[in-house]
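Structural overview
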Amino acid sequence: MTPAPQAIALWGAVREALASLRELLDPQGFDPAQDERRFTLVMADATAAVILPRLLATFERESPGVSLQVEPLATRDPRGLLERGAADAAIGFFPDVARAVAAALGEGETVLDALYDCDFVCAMRRGHPLAALATQGPLTLDDYCAAAHVRVSFAGRPHGFVDQTLARLGRTRRVALVINQYAAAVQVVCSTDLLGVLPRRFVEACGAADALHITALPFEMPRIEIGLLWHRRHERDAAQRW
């Protein structure tokens, strides 16, 4: 049976009221050293490779009863997931969401906390013809655009940040493969002549750095600002605050 639109609209208010009631009935809050709790996080595999090892090590030391369920990120705007309660938080690069949160001046329903930032780099296999030219100078824009590329798009967008930047320069590139996982993109780059644009921190974390030639992109790209996005209704949840 499909809920009526009025019921869907009402559910947000009902859920808020239930959350408040639960806190009143549980005044002792959350003890990370003793209590058990499962958190659901949404993030891309590149972010997970950087964050999860340290996060799980912290959990093992401080909160053995806490567990995580990590779901793949399939959108650049996960606010709907948080509103529906499908995830406790989302971690990633959300530039459009960041602008909306900033415009709300602290009055919106979601909060975006900065975690870390890094830059994009161009990756190719060590035996790539363009890697052999590295001794002659940096990668040129002409050589970059003439090569074939793999593009990571977990949100299903027809054009990515790189394509938008190239378009502003009046240039294009040939994308031979679109894939939704950075880990798979790295394997493709390591075994073909396709170039990949990857977050530097992911390259350092994924264990494939020795097989890759990493170079600066021949154009300016904004830095990746990874943030923790969560719904404001969790401000009163002791476990979420922890």
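On a predicted model such as this, the values are computed, not experimentally measured, just so you know. (Residues numbered from 1 in each chain as written. Predicted model: local features only at pLDDT ≥ 70, side-chain atom pairs only at ≥ 80, totals over all residues. Heavy atoms only, no water.)

1. Observations regarding the side chain of R233
To keep things clear, this is the line we draw: Secondary structure elements are taken from DSSP: a helix is a run of H or I of four residues or more, a strand is a run of E of two residues or more, and numbering for both begins at the N terminus. The rule is simple: take the accessible area with a 1.4 Å probe, protein chains only, and divide by the maximum for that residue type; under 20% is buried, over 50% is exposed, in between is partly exposed. Working convention for charge: Lys and Arg count positive, Asp and Glu count negative, and His plus the chain ends are omitted. Within this document, salt bridges are pairs made up of a side-chain nitrogen of Lys or Arg and a carboxyl oxygen of Asp or Glu, the two lying within 4 Å of each other.
By the secondary structure assignment, R233 is in the loop between β10 (224-231) and α10 (238-241). Nearest to the buried, unbridged R233 among oppositely charged side chains is E83, at 4.1 Å.

2. Comments concerning the packing of aromatic side chains
Short version of the rule: Only centres within 6.5 Å qualify two rings of Phe, Tyr or Trp (six-membered ring in Trp) as a pair; their planes then separate them into stacked at under 30 degrees, edge-to-face at over 60, and tilted for everything else.
All chains considered together, the criterion is met by three aromatic pairs. Taken together, a centroid distance of 5.4 Å and an interplanar angle of 50° make the contact between F93 and F161 tilted. In this pair, F93 sits in the loop between β3 (89-92) and α4 (95-103) while F161 sits in helix α7 (residues 161-168), placing the two residues 68 residues apart along the sequence. Both residues of the pair, F93 and F161, count as buried. Measuring from centroid to centroid gives 5.8 Å for Y182 and F202, while their planes differ by 55°, and the two rings are tilted. With Y182 in helix α8 (residues 182-191) and F202 in helix α9 (residues 200-206), this pair connects stretches of sequence that are 20 residues apart. The class for Y182 is buried, based on a relative accessible area of 8%. Given the relative accessible area of 3%, F202 is considered buried.

3. A word on the pattern of salt bridges
Counted according to the given criterion, the structure contains eight salt bridges. In this structure, the salt-bridge partner of D96 is R99, at a minimum N-O distance of 2.3 Å. Here R99 and D96 lie together in helix α4, a separation of three residues that amounts to about one turn. A single burial state applies to D96 and to R99, both of which are exposed. Residues joined by salt bridges that share partners form a network here, namely R151, D163 and R173.

4. Examining the sheet that holds β3
Basically, it comes down to this: Being paired, for any two strands, means DSSP has found at least two bridges between them. The axes are straight lines fitted to the C-alpha atoms, using for helices just the contacting stretch, and the angles between their N-to-C directions are given from 0 to 180°. Whether two residues are in contact is decided by their heavy atoms, any of which lying within 4.5 Å being enough.
Taken in spatial order, the five strands make up an open sheet running β2-β1-β3-β10-β4, and their pairing is mixed. The open sheet has two edge strands with one neighbour each: β2 (66-72) and β4 (110-118). Strand-to-strand twist in this sheet, taken as the mean axis angle between neighbours without regard to direction, amounts to 25°. As judged from the three bridges shared by strand β1 (residues 37-43) and β3, these two strands associate in the parallel manner. Across the sheet, residue L41 finds its bridge partner in β3, namely A89. Across the sheet, helix α2 (residues 45-62) is in contact with β1, β2, β3, β4 and β10; its angle to β2 comes to roughly 175°.

5. Considerations on the nonpolar core
Formally: Buried residues of nine kinds, namely Ala, Val, Leu, Ile, Met, Phe, Trp, Tyr and Cys, make up a nonpolar core once their side-chain atoms join them within 4.5 Å.
Counting residues in each nonpolar core, the largest one holds 66 residues, and the members touching the most others are Y144, Y182 and L217. The leading source of residues in this core is α2, at six residues. Not counting residues up to four positions away in its chain, the partners in contact with Y144 are C122, L139, H149, V162, L166, R173, L195, V197, L217, P218 and F219.

6. Considering the pairing of strand β6 (residues 148-152)
How we decide: With the strands aimed away from the viewer, a crossover counts as right-handed if its path from the first strand over the helix to the second runs clockwise.
Where burial is concerned, most of β6 is hidden: five out of the five residues are buried. As judged from the five bridges shared by β6 and strand β7 (residues 174-179), these two strands associate in the parallel manner. In the sheet register, R151 faces β7, and the bridge partner there is V178. Following the backbone out of β6, through α7 and into the adjacent parallel β7, one traces a crossover that is right-handed. For β6 and strand β8 (residues 195-199), the ladder comprises two bridges, and the chain directions are parallel. Bridging across to β8, V150 finds its partner in G196.

7. With respect to unusual backbone geometry
A positive phi angle is found at L105, which is not glycine, with a value near 55°. For L105, the location among the structural elements is in the loop between α4 and β4.

8. Quick notes on α8
In plain terms, the rule: Arc definition: directions from the helix axis to the C-beta atoms.
Taken residue by residue, α8 has Y182, A185, V186, V188 and V189 as its buried positions. Buried residues along α8 cover an arc of 165° about the axis, so they all sit on one side. The exposed residues of α8 that point more than 90 degrees off its buried face are Q187 and S191.

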